[in-house]
Structures are given as structure tokens and as C-alpha cells.
Amino acid sequence: MRTRSIVAAALFGVAMTCAPALAQNYPTKPITLVVPFPAGGGNDALARLVAEKMSRALGQQVVVENRGGAGGTIGTGLVAKADPDGYSILIQASAHSAAPAAYPNITYDVAKDFVAIIPFGTVPNVTVVAPNSGIKKLKDLVAKAKAGSVTYGSAGVGSATHWAAERIRVAGGFTGIHVPFRGGPEALTEVMTGRVDFTSMGMSSALPLIRDGKLVALAVSTPTRSKTLPDVPTTIEAGLPADSVYPFFSGVYLPAKTPRDVVEKLHGEIAKALAAPAVLERLATLGVEPMPLSQAQFAAFVRDDVAANIALVKAAKIPTQ
């Protein structure tokens, strides 16, 4: 038994010695940024924006991999089970903290199975309708819904776009039919064609269609107006109560047991990438606004948002999966 103890202690000592060295040499192979939504959405655009900067800074190829489905939980679950070595990185949006409310039986714990690294920023979500819908203001949408029924699209059950639309519905005091899709681009297309009445989507995804006149922006779900769409009122200005406010956010996460040195290195390099003038300019065009939080503050923010979404589901009696 004594021999086994000595061997075990020796092996433990070697492991502890090697861990910092491995972290110091990181990365030694390509890195995958997992986006748990289809290509073409706002989260995908943010991932690709920093991937090139990260690749140059770290000296390794950084690849974006889209693994959409189930409101972002499929791709997120894959990263939760990945080796905690810094080579599988999750790029998630508000859907990350929305998932526990919609999927009580998901196979991972948002707070315990991930370490929140850094936020990309906050993105106003905007409620949009088709130009030929006859709806010009948010109050018109509410009136139509109360007079009959409306449909509202999302990027999937439990996605942040689902919760954003539910907040509009609950705050407006009307009923409607939820139509989930595999991703935000599909939901926007269906609204644009008039087959779905409205959606509440992150501005990064909806902005090009709004600028091209293919969608009409009714309101932004932020406390103040967006600098990107200054003529569009907030939901509060449009007549809804304060609980309609729900800006999106996006950020970077790693499996919980990732070595601290790797966490700090990635935090530093991503922070540098986000501070680059070209990246800041691009973020502004996507409607992304700064979210200056420390790593600890970001983790606390995510935990609070999980609790808020669970409270919403209970208050609105929204069916869960």
C-alpha cells in the first residue's frame, strides 16, 4: 500500500508540474469556436469577427463550427462535454441563460459546467414585421393581436428570441402562436414574407433587412434608444411596461475545468481583439454596444439572467420541453 501511495503521489506531482507548462505552451493545435446556431446569424458574425484576430495572436488556426438545433442546446452540450483544454470554445448568446428555463432537463448546468470568459457586448433586440403587414407601430401589432390572433417566430424553443417575443406578448397582454425555427435567419425570412406576423430578433441579424426596407422595425427592447436605429422607439416609449425590456448579449465560454492559465490567456487575447479599431467599427455596424464587465461580473450577470428567465416562464406559464 505504501508503494502505491508513493507512486500516486509522484504521478500527482508530475501532473501538477506539467499543467502550468501545458497552459504556458497553449495553443499547440487548431482551436474550434462552436456556435450553436446556423450560419448567418448575429452570433455567427461575432464569432467570425474575432476568429481571424485570435488566429493571428495565438499562432494557430481558429475555426468556426456551426452546430445548431434545440435553441442552441445541442452545440452547447457538445462543448460542455469537450476536453477542458481550451481547444473547444463556446460562442453563445442570451440563449445560454435562457435554456434552463425552457429545457429543465438539459444535460448541462450553465453555471457549473462553464466558465464565462468575456462578453462581446450587448445587442438591442428589435421587434419587426413585414412592410406589407399594414402595421406601422408596436401599438398596431398589439391591437391586431387583441382583435384576433398573431404568430411570432423565433430561433427555436427556449432561444433568446423566443423569450424576447414572449416578453412583448406578456407585456402587451395578448395571446399568440409561437412558431419556432432552427435559427434566426429562417424566422426573419418567414416574417419578411408575411407568413409569420412578427419576431423579436437581435439587431445584428435584423439590421441589414431593416436597412433594405424588407422589414419594419417597431421597437427596440432596451432602456434607451439604439444609436444604430435612433428613430425607432423603445418598447417603453411605444407604450409597454418595463418588463418588456430585454437586450441580448453574447459572449465566450469554456468548459468549467479548463486550466486557469488558459482561461486568462484567452480572456486577454479576446479582449485585445475586441479593442481593435476595425473590430470596434464592425461591432458598431452590427448594432453591438460595449459591455464592460470583468470576468467575475460577467459570470454573475449570466447567473442573474438564468434566474430572470426561469421567473418569466413561471409567471407567463410558458410550456417547457
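Here goes a summary of the coordinates provided. Since we're looking at a predicted model, the values are computed, not measured. Within each chain, residues carry numbers counting from 1 in the order of the written sequence. Only residues with pLDDT of 70 or above have their local features reported here, since the model is predicted, and side-chain atom pairs are shown and tallied only from 80 upward, although totals for entire chains, interfaces and linings are computed over all residues. Side-chain measures here rest on the full set of heavy atoms in the structure, leaving out hydrogens and waters.

1. A few points about the packing of helix H4 (residues 95–102) against helix H11 (residues 295–316)
For step 1, the next point in the chain: Two elements in contact, H4 and H11, have axes separated by 8 Å at closest approach and are oriented at 40°. The orientation of H4 relative to H11 falls into the category oblique. Where H4 crosses over H11, the two elements pack in a sense that is right-handed. From H4, Ser97, Ala98, Pro100 and Ala101 reach across to H11, where they touch Val302, Asp305, Val306, Asn309, Ile310 and Val313.
For step 2, the next point in the chain: Polarity classes work like this: nonpolar for Ala, Val, Leu, Ile, Met, Phe, Trp, Tyr, Cys and Pro, charged for Asp, Glu, Lys and Arg, and polar for all others, with Gly in that last group. Residue composition of the contact of H4 with H11, grouped by class: seven nonpolar, two polar and one charged. The axes used here are C-alpha line fits, helices contributing only the stretch in contact, and every angle between their N-to-C directions lies in the interval 0 to 180 degrees. Secondary structure elements follow DSSP: runs of H or I of four or more residues count as helices, runs of E of two or more count as strands, with numbering from the N terminus. Angle categories are assigned with fixed cut-offs, so that under 35 degrees is roughly parallel, over 145 is roughly antiparallel, 65 to 115 is roughly perpendicular, and the rest are oblique. Left-handed is the label given to a crossing in which the near helix is rotated counterclockwise from the far helix by less than a right angle, and right-handed is the label when the rotation is clockwise. Only heavy atoms enter the contact rule, under which two residues are in contact if any of them lie within 4.5 Å.

2. Describing the sheet that holds strand S5 (residues 125–129)
Strand pairing in a sheet takes place through backbone hydrogen bonds and is either antiparallel or parallel in direction.
For step 1, the next point in the chain: Should DSSP find at least two bridges between two strands, the strands are regarded as paired. Across the sheet, which stays open at both edges, the five strands sit in the order S7-S6-S8-S5-S9 with mixed pairing between neighbours. Both edges of this open sheet fall to strand S7 (177–180) and strand S9 (216–220), since each of them pairs with a single strand only. Strand-to-strand twist in this sheet, taken as the mean axis angle between neighbours without regard to direction, amounts to 30°.
For step 2, the next point in the chain: Packing of helix H7 (residues 184–192) onto the sheet brings it into contact with S5, strand S6 (151–154) and strand S8 (198–202), and relative to S8 it is tilted by some 145°.
For step 3, the next point in the chain: Lying over the sheet, helix H8 (residues 203–211) contacts S5, S8 and S9, oriented at roughly 115° with respect to S8.

3. Comments concerning helix H9 (residues 260–275)
For step 1, the next point in the chain: End to end, H9 covers 23 Å across 16 residues, agreeing with the expected 22 Å (1.5 Å per residue, within 8%).
For step 2, the next point in the chain: Each residue is placed in one exposure class: buried if its accessible area under a 1.4 Å probe, protein chains only, is under 20% of its type's maximum, exposed if it is over 50%, and partly exposed if it falls in between. Turning to H9, its buried residues number three or more, namely Val262, Val263, Leu266, Glu269, Ile270, Ala273 and Leu274. Here the buried residues of H9 occupy an arc of 140° about the axis, which is enough to place them on one side. Take the residue count of a helix, subtract one, and multiply by 1.5 Å to get its expected span. As used here, the arc is the angular range of directions from the helix axis to the C-beta atoms.

4. Structural notes on the packing of helix H2 (residues 42–58) against helix H10 (residues 277–285)
For step 1, the next point in the chain: The geometry of H2 relative to H10 is characterised by a closest axis approach of 11 Å and an angle of 175° between their N-to-C directions. The angle between the axes of H2 and H10 places the two elements in the roughly antiparallel class. Note on element contacts: H10 touches H2 through Val279, Arg282 and Leu283, opposite Leu46, Leu49 and Lys53.

5. What about the sheet that holds strand S3 (residues 88–93)?
For step 1, the next point in the chain: Spatial strand order, S2-S1-S3-S10-S4: five strands in an open sheet with mixed pairing. A single partner strand is all that each edge strand has here, and the edge strands are strand S2 (62–66) and strand S4 (114–123). Geometrically, the sheet is characterised by an average inter-axis angle of 25° between neighbouring strands, direction not taken into account.
For step 2, the next point in the chain: Of the strand pairs in this sheet, S4 and strand S10 (residues 248–255) are connected by eight bridges, and their pairing is antiparallel. In the strand pairing of S10, Pro119 is matched with Gly251.
For step 3, the next point in the chain: Those strands touched by H4 are S3, S4 and S10, and its axis lies near 80° from that of S3.

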